[in-house]
Amino acid sequence: MNRAANDLSTAELRELYRELILDHARSPRHFGKLSAITHTAEGLNPLCGDKLRLYLQIDDDDRISDAAFEGSGCAISVASASLMTDAIIGMRTAEAVDFSNALIASVTGRDSPVELGKLQALQGVREFPSRVKCATLAWHAMNSAIRRDHNPASTE
Ligand code: ZN
């Protein structure tokens, strides 16, 4: 049986959430700095102490050709940044912003207009309202980077 992630049951989503957070917090993908950076933003979540800096390389075609992040924070914030960099590489900036806004909507309990695939599992954080900001931090930072907003993206 082959089903889309959107058809997963609550129990399956919960299990996927646990697996994704553990895996990506333990071995974050794209952790570090890029050699060529066109866009960057800082993300701060004072509530939890999560701090990250996101680096993007956006080509003349408006496509994100590479992404990386540095920083420190809780497992959820690190895993979410890792999952995000994995997801957005190859996307056009407009597509990445749409995806980001849909992800933030999904995590904060609203309907997502975009198919999120396995990242739908991040909505598992809804069960822990104080951690929602940890899960959305990297995504807010990406939106800031693309807007070339130089103020840190703060969850407050
Ligand atoms: Zn956190």
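Not measured: the values here are computed from a predicted model. (Residues numbered from 1 in each chain as written. Predicted model: local features only at pLDDT ≥ 70, side-chain atom pairs only at ≥ 80, totals over all residues. Heavy atoms only, no water.)

Peer 1: Looking at this structure, how should I read the nonpolar core?
Peer 2: General note: in soluble globular proteins, nonpolar side chains tend to be found buried as a group. Residues Leu56, Ile64, Ile76, Ile88, Leu122, Trp139 and Met142 are the most contacted members of the largest nonpolar core, which totals 44 residues. Residue assignment for this core shows that the elements contributing at least two residues are helix H1 (10–26), strand E2 (50–58), strand E3 (64–72), helix H2 (75–88), helix H3 (93–107) and helix H4 (132–147). With 10 residues, H4 is the single largest residue contributor to this core. Not counting the four nearest positions on each side in its chain, isoleucine 88 is found in contact with Leu56, Ile64, Ala67, Ala96 and Met142. (Core = buried A, V, L, I, M, F, W, Y, C linked by side-chain atoms within 4.5 Å. Buried < 20%, exposed > 50% of the residue type's maximum accessible area, 1.4 Å probe, protein only. Helix = DSSP H or I, 4+ residues; strand = E, 2+ residues; numbered from the N terminus. Contact = heavy atoms within 4.5 Å.)

Peer 1: Help me out: how do you make sense of the packing of H2 against H4 in this one?
Peer 2: Packed helices, taken two at a time, are described by the angle their axes make and the gap between the axes. Closest axis-to-axis distance for the H2/H4 pair is 7 Å, and the angle between their directions is 40 degrees. By the angle between their directions, the pair H2 and H4 is classed as oblique. In terms of crossing hand, the pair formed by H2 and H4 is right-handed. Packed against H2, whose contacting residues are Ile76, Ser77, Ser80, Ala81, Met84 and Ile88, the element H4 presents Cys134, Ala135, Ala138, Trp139 and Met142 at the interface. (Axes fitted to C-alpha atoms, helices over the stretch in contact; angles between N-to-C directions. Parallel < 35°, antiparallel > 145°, perpendicular 65-115°, else oblique. Left-handed = near helix turned anticlockwise from the far one by under 90°.)

Peer 1: What's the story with the pattern of salt bridges in this structure? I'm lost.
Peer 2: Pairing is possible between side chains of opposite charge, provided their charged atoms come close. Evaluation of the coordinates by the stated rule reveals 6 salt bridges. The salt bridge partner of arginine 29 is aspartate 23, with a shortest N-O separation of 2.9 Å. The salt bridge partner of glutamate 42 is arginine 53, with a shortest N-O separation of 3.9 Å. Taken together, the residues glutamate 42 in strand E1 (residues 39–45) and arginine 53 in strand E2 connect sequence positions 11 residues apart. Given the relative accessible area of 30%, arginine 53 is considered partly exposed. (Salt bridge = Lys/Arg side-chain N within 4 Å of Asp/Glu carboxyl O.)

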